[in-house]
Amino acid sequence: QVQLVESGGGLVQAGGSLRLSCAASGRTFSNYAMGWFRQAPGKEREFVAAITWSGGSTYYADSVKGRFTISRDNAKNTLYLQMNSLKPEDTAVYYCAASRSSSYVYIRSRSVYDYWGQGTQVTVSS
C-alpha cells in the first residue's frame, strides 16, 4: 500500500519555473514505477512523465520534453517534477501516481497506476 501527497503547486508567470514534490509513504516505495499526470478543466487526465523503480529510465510527453524533468529520491521516498519554461497551456491539476505493473510497456497509460495523490494546482499566467 502506498499513500501519495503532492505539493509545490502555485501561480507562476509564463516562462517561470516550478518544482513539484510527491511524498510517498507505505511499505515499499522503490519497487513502484512513478508517474506524473495532469488534468485541465473539461479535459481528460493526460500523461506528463514517468520514471522506473530504479530511476534508470524516464518517459515524457512530447509536449513537455526538454522543459520538464522527473526524478526520484528513494531514500527520501519522494518524487519530483522540475518544470521550466512554463506555458499557459501547462495550467492544470497535477497528480502523482504509483504503479505495481511488472511491465513498462504501458507506463504512459492511466490504467496501470494503482495509487494516486490528491493533486496540486499549477496555474501559469500569460
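Coordinates for the structure precede this section.
So, a few notes on the structure that sits alongside this text. (Residues numbered from 1 in each chain as written. Predicted model: local features only at pLDDT ≥ 70, side-chain atom pairs only at ≥ 80, totals over all residues. Heavy atoms only, no water.)

Comments concerning the pairing of strand β11 (residues 120-125)
The side chains of a regular strand alternate, first on one face of the sheet and then on the other. Of the two faces of β11, only the one carrying Thr120, Val122 and Val124 is buried; Gln121, Thr123 and Ser125 on the other face are not. Inspection of the sheet shows strand β2 (residues 10-13) paired to β11 by 4 bridges, in the parallel sense. Residue pairing for β11: glycine 10 is matched across the bridge by valine 122. As judged from the 3 bridges shared by strand β9 (residues 92-99) and β11, these two strands associate in the antiparallel manner. Opposite valine 93, over in β11, you have glutamine 121 as the bridge partner. (Buried < 20%, exposed > 50% of the residue type's maximum accessible area, 1.4 Å probe, protein only. Helix = DSSP H or I, 4+ residues; strand = E, 2+ residues; numbered from the N terminus. Pairing = 2+ DSSP bridges.)

Observations regarding the nonpolar core
Ranked by size, the top nonpolar core spans 37 residues in total, and within it Trp36, Leu81, Met83 and Tyr94 carry the most contacts. Excluding its chain neighbours within four sequence positions, the residues that come into contact with leucine 81 are Leu18, Arg19, Leu20, Trp36, Val48, Ala49, Phe68, Thr69, Ile70 and Tyr94. (Core = buried A, V, L, I, M, F, W, Y, C linked by side-chain atoms within 4.5 Å. Contact = heavy atoms within 4.5 Å.)

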